[in-house]
Amino acid sequence: MSEAVVKPLWRRLIGFNLLSGILLGIVGFYFGWWLGHQIHAPSLEYFADTNQNDVALLLGYLFAVIGFVAGLGFLNYPFSRMLGGPATQAEKEEGGVGRYFTLCTDHKVVGIQYLIGIGFFFFIAGMNAMLIRAELLRPSPQLFGAGNYLTLVGLHGTMMMGIMTSGILGPFANYFLPLMIGARRMAFPRIESLTFWLLMAAGAILMTTLFFGGFPTGWTGYAPLNDEANFGFDSYIFFFGLVGLSMTLLGINMIVTTITMRAPGLTWGRLPIFCWGAISTGILMVLAAPVLIAALLMVAFDRSVQTSFFLSSGGGSPYLFQNLFWFFGHPEVYVLALPGFGIILEILPVFARKPLWGYRTAVAGILGVALLSFFVWQHHLFVSGLNSSLRPFYMFSTEAISIPTGLVFLAGMGTLWRAKIRYTVPMLFCLAWFFNFFIGGASGVFLSDVPSDVATHGSFFVMAHFHYTIMGGLVFAFFAGIYYWVPKMFGVALNEKLGKIHFWTMFIAFNSTFAPLFALGLMGMARRVVTYPSHLQPLNDWVSVSAFVLGASMLIFLFNVVYSLVIKRIPAPANPWDSHSLEWQLPTPVPVENFERPPVINTDPYDYGVPPVALPPAPPAEAPAPG
Amino acid sequence: MNEPNHIRRIAIAWFVLSAILTPIVVAVIAPTLPPGDATSAAANQLFDDTLLLGIVTPIAVAIIVYFAYAMIVFRRQGEPSEEGVATRDNRAVHIPWLAGTTVIVLFLATFGTVELADAGAGGGQGPEPAFKLSGDVLPVQVIAQQWEFTYRYPTYGGVETAHLELPVGKKVEFHVTSLDVIHSFWAPRLGVKADANPGVDNVAFVEPRQEMSFELRCSELCGLWHGYMFDTGQVVSESAFGEWIEEQKRVFAPATKALPKYSTHYFPEPERRAG
Ligand SMILES: [Cu+2]
Ligand SMILES: [Cu+2]
């Protein structure tokens, strides 16, 4: 970092950065749009009467992404190599705020980019949820028409399920995985930056669906509805395709980094549990996301060049789409959940002041969940009429997931045994995670039981279930991570008192929002409907009001961020939690190169606590937890 | 050592609380839950829910009691630097835990399968149902399209009606299919849910046990007016059903002639950009 000449602002705006990316992206879009109108054939008969040229829109998005990526400078290195340039890792690292708007290969910058980028889209998707709940205050449509309501539902679900796949790995694994394993960077720094910018491009593309009539399919996008859906569905296709690409690359990076870049002495048995969560998630991403990309490519062909992979009238099958989608979709929900397992078990020992209990058990639990998640996807199709004799198998495999999940719980419970719990804000989010995830898991046992699922499939019961696992699991773990790691990332801690207000508001409002949905589902409320029987109104109103409070709790958090990070700025000590983990042994801010010399590891990061007192003449008082 | 016996305390709290709560949940709350027991399928589902609640309640009590106890008793009370007891593992705990969860899972899977064998518990089972209601059944075809259901009674001349009526005490064999996108036929009080796929005959069985009117609706997102795809059906006495179906045959006679022959499914042309 040279602090030599400060160039004028206009000069700094020229170059390979976000601004050029956006400009080239817009140019690319119109080029693709124009191209699509040149090459469309008369055989695309629907174009004539609807004026909806899917080829043009898909090409527009394609060239927009290429332009965006080129403008950010991702093509410079490959092109310079092609033209005989040197094979160098050296990047011009610009200091200051400018780094955050460019291709930056510092994993710490990428982590913060992710944190802010994902926070932005999380906020938008959350606002959609507020609008959905506002509409459901009354049993018949008040605010939005049927079509706009479906678009809102689709945007909320798609945005959350897409962007939040990287909700924990993006900010926290990119930032802290190299620090935890004693590495100077991720294995593929340029790809690391690419995953972030692709995700941002995806989010922007999904928003543009509003210019093209939205889409009526929800986040599942089932065929053949996706074939007759409006123009705006192409945004969905491109969004999820890019998210899939970003996930695959992110997964590869996690796996390779963890395998190849560990510091001397950091054996698998000493690897922090968060890294186990990251590598397992990486494996899920690499195996599942390409299936999604392939399926969406087929949908795009069905819509644009009239193939019929998923149209029964043309020899295809809608079941094929459902199978492919859920073959991706179920591992996807564990892509959301597993990093949460990692964060929770990573933070718990720090504030319990005890070693992580049953480390091997926890690792087995995480890997077991990852493995089993590929064998359960047809539990989403129990009433679809697809091969009914397979249902007992999928019932069994789904219920079997509770065995490894139980091991993760056991590790958490064992860690609390004879602990000295410090009730910090991250610890509160951790403990709430167990509560929420237990309710999510227990309701999952009902859904995995086929007769019970017949009553609740496609109802609000399912919605309550997965919000308990994803919001109650992922988002609570996400906030635990934020409160825990912000002092290292920004050198400033979040205000403890405001944090506690945020936690309690969020925890109570969350449960008050989602617990009644179990009842609503049992009483016959289907998902994604803009109308409902009027006798369900009181409960729906209760849920809506709670949801608004839940939304307001996020504002408390935002206020805390502004208050602590912008206004007060009280410097935090390098290791405020007295954590033994490697990332906290570094100074704040973390130097660009992280470690001057590779650290040598001779223990796992959980050596807290005092040795158990030996009782004469009995053996050491080991910690038994109730079974 | 004046360390109290934590395990005994937790075990006693768990035992007392679950001995009180489990009977309340199973015997008082569960019978009031939807979908009720107005049909064979609904009763089947409710039985499953009841049993699952009976298993989940003591487990939930155990988890909550443990966490509550740990959060109160194992909190830091003294100096800020207090540390916990450095225990790392205990086979005597995780082996029984693993065995316990495995036994529960095996039991649940077996139990669910046995329950499923009772005519598929009201769920759609596709063209070749693995579990059937045997004997004299009334076939009723449910045809879904954007955005309404119609019904055909093949044993009554293939008449197609706008509403659903069923005779009480008669075994019904639903054949659910679609003319366009995927819908799902859901009648909560009947305990029936079956996806309607174009070109697929999705069979579901149910035996209504009492006269009632019931809500039915589409429960798979099917496009713009999905929210409005609902209706009310009736379960009526055998004689009332006879009168009703005769009237339907008379009223819809011209329409029936114009309809395609009854078939388990109809292959539609895809309508691109319909909504
Ligand atoms: Cu699933
Ligand atoms: Cu429908």
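Note that the coordinates shown come from a computational prediction; the quantities given were computed from them, not determined experimentally.

Here is what the cut-offs are and how they apply
Residues numbered from 1 in each chain as written. Chains lettered and ligands numbered in written order. Predicted model: local features only at pLDDT ≥ 70, side-chain atom pairs only at ≥ 80, totals over all residues. Heavy atoms only, no water. Helix = DSSP H or I, 4+ residues; strand = E, 2+ residues; numbered from the N terminus. Rg over C-alpha atoms; globule rule 2.2 N^0.38 Å. Buried < 20%, exposed > 50% of the residue type's maximum accessible area, 1.4 Å probe, protein only. Contact = heavy atoms within 4.5 Å. Areas by Shrake-Rupley, 256 points an atom, 1.4 Å probe, with all protein chains shown as cover. Lys, Arg positive; Asp, Glu negative; His and termini not counted. Charge placed at Lys NZ, Arg CZ, Asp CG, Glu CD. Pairing = 2+ DSSP bridges. Donors = N, O, S within 2.8 Å, 3.2 Å for Na, K, Ca; no water. Axes fitted to C-alpha atoms, helices over the stretch in contact; angles between N-to-C directions. Parallel < 35°, antiparallel > 145°, perpendicular 65-115°, else oblique. Left-handed = near helix turned anticlockwise from the far one by under 90°. Buried area = accessible area lost by both parts, 1.4 Å probe. Salt bridge = Lys/Arg side-chain N within 4 Å of Asp/Glu carboxyl O. Tetrahedral: all angles 85-135°; square planar, octahedral: opposite > 155°, others 65-115°. Domains from an automatic or database assignment. Polar contact = N/O pair within 3.5 Å; in protein donor to acceptor, adjacent residues only side chain to side chain. Nonpolar A, V, L, I, M, F, W, Y, C, P; charged D, E, K, R; others polar. Phe/Tyr/Trp six-rings, centres within 6.5 Å; stacked < 30°, edge-to-face > 60°. Lys NZ or Arg CZ within 6 Å of the ring centre and 35° of its normal. pLDDT = per-residue confidence, 0-100.

## Focus: the overall build of chain A
Then comes step 1: Along chain A, the regular secondary structure elements total 21 helices and zero strands.
Then comes step 2: The C-alpha atoms of chain A give 25 Å as radius of gyration, which agrees with the globular expectation for 627 residues (25 Å, within 12%).
Then comes step 3: Each principal axis of the C-alpha atoms in chain A carries an extent, and together these give about 85 × 65 × 45 Å.
Then comes step 4: Counting every position in chain A, which comprises 627 residues, the buried fraction comes to 65%.
Then comes step 5: A separation threshold of at least 6 residues defines the contact pool for chain A, and within that pool the share at least 24 residues apart is 82%.
Then comes step 6: When the accessible surface of chain A is summed, it comes to about 21,900 Å², and 72% of that surface belongs to carbon and sulfur atoms.
Then comes step 7: Each charge class in chain A can be summarised by its mean position, and for the 30 positive and 28 negative side chains these summaries are 11 Å apart.

## A word on the pairing of strand E10 (residues 230-236) of chain B
All names here are of chain B.
Then comes step 1: Across three bridges, the pairing between strand E4 (residues 165-167) and E10 is parallel. Residue pairing in the sheet places Pro 167 in a bridge with Val 236 of E10.
Then comes step 2: Looking at chain direction, strand E9 (residues 212-218) and E10 are connected through six bridges and run antiparallel. Residue pairing for E10: Ser 213 is matched across the bridge by Gln 234.

## What to know about the coordination of the copper ion (ligand 1)
Residues and elements named next belong to chain A.
Then comes step 1: Within the first shell, the copper ion (ligand 1) binds the protein through His 330 (ND1), His 379 (NE2) and His 380 (NE2), at distances of 1.8 to 2.0 Å.
Then comes step 2: Counting residues between consecutive donors of the copper ion (ligand 1) along the chain gives the motif H-x48-H-H.
Then comes step 3: Here His 379 falls in the buried class, since its relative accessible area comes to 11%.

## Considering the packing of helix H14 (residues 359-372) of chain A against helix H16 (residues 402-416) of chain A
Residues and elements named next belong to chain A.
Then comes step 1: Their axes nearest at 7 Å, the elements H14 and H16 cross at an angle of 155°. When the axes of H14 and H16 are compared, the pair comes out roughly antiparallel. Read as a crossing pair, H14 and H16 show a hand that is left-handed. Touching Thr 361, Ala 362, Ala 364, Gly 365, Ile 366, Gly 368, Val 369 and Leu 372 of H14 are Pro 404, Thr 405, Leu 407, Val 408 and Ala 411, all from H16.

## A word on the sheet that holds strand E1 (residues 137-145) of chain B
All names here are of chain B.
Then comes step 1: Read across the open sheet, the five strands follow the order E3-E2-E1-E5-E8; overall the sheet is mixed. Two strands lie at the open edges of the sheet, namely strand E3 (159-161) and strand E8 (202-206), each paired on one side alone. Ignoring strand direction, the axes of neighbouring strands in this sheet form an average angle of 25°.
Then comes step 2: Judged from the eight bridges that link them, E1 and strand E5 (residues 171-178) form a sheet pairing that is parallel. Opposite Ile 143, over in E5, you have Thr 177 as the bridge partner.

## With respect to the interface of chain A and chain B
Then comes step 1: Across the boundary between the two partners, chain A contributes 113 residues, which contact 98 residues of chain B.
Then comes step 2: Around 8,800 Å² of area is buried between chain A and chain B when both sides are counted, 64% of it from carbon and sulfur atoms.
Then comes step 3: Contact with chain B buries surface across chain A, with Glu 228, Arg 418 and Lys 420 of chain A losing the most and accounting together for 9% of the total.
Then comes step 4: Summed over the shared surface of chain A and chain B, the number is four salt bridges.
Then comes step 5: Between Glu 83 of chain B and Arg 353 of chain A there is a salt bridge; the shortest N-O distance is 2.9 Å.

## Describing the coordination of the copper ion (ligand 2)
Metal coordination angles in their ideal form are 109.5 degrees for the four-donor tetrahedron and 90 or 180 degrees for the six-donor octahedron.
Residues and elements named next belong to chain B.
Then comes step 1: The coordination sphere of the copper ion (ligand 2) contains the protein donors His 183 (ND1), Cys 218 (SG), Cys 222 (SG) and Met 229 (SD), at a distance range of 2.0 to 2.6 Å.
Then comes step 2: For the copper ion (ligand 2), the four donor atoms in the first shell make angles of 96 to 123° at the metal, so the coordination geometry reads as tetrahedral.
Then comes step 3: The sequence pattern describing where the donors of the copper ion (ligand 2) fall on their chain is H-x34-C-x3-C-x6-M. With Cys 218 in strand E9 and Met 229 in the loop between E9 and E10, the pair connects residues that are 11 residues apart, well separated along the chain.
Then comes step 4: Among the residues examined, Cys 218 registers a relative accessible area of 0% and is labelled buried.
Then comes step 5: Overall, the relative accessible area of 2% leaves Met 229 in the buried class.

## Focus on the domain arrangement of chain B
All names here are of chain B.
Then comes step 1: For chain B, the assigned domains are domain 1 (6-75 + 92-119) and domain 2 (138-258).
Then comes step 2: Once you take the C-alpha centre of each, domain 1 and domain 2 turn out to be 36 Å apart.
Then comes step 3: With 10 residues of domain 1 at the contact, the number on the domain 2 side is 11 residues.
Then comes step 4: Of the roughly 790 Å² buried between domain 1 and domain 2 on both sides combined, carbon and sulfur atoms contribute 53%.
Then comes step 5: Viewed at the interface, domain 2 and domain 1 are joined by zero salt bridges.
Then comes step 6: Remark: the boundary between domain 1 and domain 2 carries four residue pairs in polar contact (both at pLDDT 80 or more).
Then comes step 7: Partitioned by chemical class, the residues of the side of domain 1 that touches domain 2 number six nonpolar, three polar and one charged.

## Here we look at the packing of aromatic side chains
All names here are of chain A.
Then comes step 1: Under the criterion given, the structure shown has 82 aromatic pairs over all chains.
Then comes step 2: Considering the side-chain rings of Phe 172 and Phe 478, the 5.9 Å spacing of their centres and the 50° angle between planes classify their relative orientation as tilted. With Phe 172 in helix H8 (residues 169-180) and Phe 478 in helix H19 (residues 460-490), this pair connects stretches of sequence that are 306 residues apart. Note on accessibility: Phe 172 and Phe 478 belong to one class, buried.
Then comes step 3: Above the face of the Tyr 77 ring, Arg 190 is positioned so that its terminal group lies 4.0 Å from the ring centre.
Then comes step 4: Across the ring face of Trp 268, the terminal group of Arg 262 is positioned such that the distance to the ring centre comes to 4.0 Å.

## Digging into unusual backbone geometry
Then comes step 1: Residue Pro 589 of chain A is reached from Thr 588 of chain A by a cis peptide bond, and omega for that bond is -10°.
Then comes step 2: Within the fold, Pro 589 of chain A resides in the segment after helix H21 (537-568).
Then comes step 3: Between Pro 34 of chain B and the following residue, Pro 35 of chain B, the backbone shows a cis peptide bond with an omega angle of 5°.
Then comes step 4: With respect to the element layout, Pro 35 of chain B can be found in the loop between helix H1 (6-29) and helix H2 (40-73).

## Here we look at the domain arrangement of chain A
Residue and element names in this part refer to chain A.
Then comes step 1: Taken domain by domain, chain A consists of domain 1 (23-85) and domain 2 (100-585).
Then comes step 2: The straight-line distance from the C-alpha centre of domain 1 to that of domain 2 is 31 Å.
Then comes step 3: Taken together, the contacts link 21 residues of domain 1 with 23 residues of domain 2.
Then comes step 4: In total, domain 1 and domain 2 occlude about 1,900 Å² of area from one another, counting both sides; carbon and sulfur atoms represent 74% of this.
Then comes step 5: Considering only the surface of domain 1 that becomes buried against domain 2, Leu 58, Tyr 61 and Phe 74 emerge as the three largest contributors, covering 33% of it.
Then comes step 6: At the junction of domain 1 and domain 2, the tally comes to one salt bridge.

## Regarding the pattern of salt bridges
Then comes step 1: A full pass over the atoms with the stated rule returns 12 salt bridges over all chains.
Then comes step 2: The shortest N-O distance in the salt bridge between Asp 578 of chain A and Arg 353 of chain A comes to 3.3 Å. Taken as a pair, Asp 578 of chain A in the segment after H21 and Arg 353 of chain A in the loop between helix H13 (318-352) and H14 lie far apart in primary sequence, 225 residues in all.
Then comes step 3: A relative accessible area of 0% means that Arg 353 of chain A is categorised as buried.
Then comes step 4: Residue Glu 220 of chain B pairs with Arg 528 of chain A through a salt bridge whose shortest N-O separation is 4.0 Å.

## So, the confidence of the model for chain A
The predicted coordinates should not be examined in detail at positions where pLDDT is low.
Then comes step 1: Mean pLDDT over chain A stands at 91; residues scoring 70 or higher make up 94%.
Then comes step 2: Note that pLDDT drops below 50 for residues 616-627 of chain A; the model gives that stretch 24 contacts with residues more than four away or on any other chain.

## Some points on the packing of H8 of chain A against H19 of chain A
Residue and element names in this part refer to chain A.
Then comes step 1: Contact pair H8 / H19: the axes reach a minimum separation of 11 Å and the direction vectors enclose 55°. Our classification of the angle between H8 and H19 gives oblique. Crossing hand, H8 versus H19: left-handed. Residues Pro 171, Phe 172, Tyr 175, Phe 176 and Met 180 of H8 form the contact with H19, whose own contacting residues are Phe 478, Gly 481, Ile 482, Trp 485, Lys 488 and Met 489.

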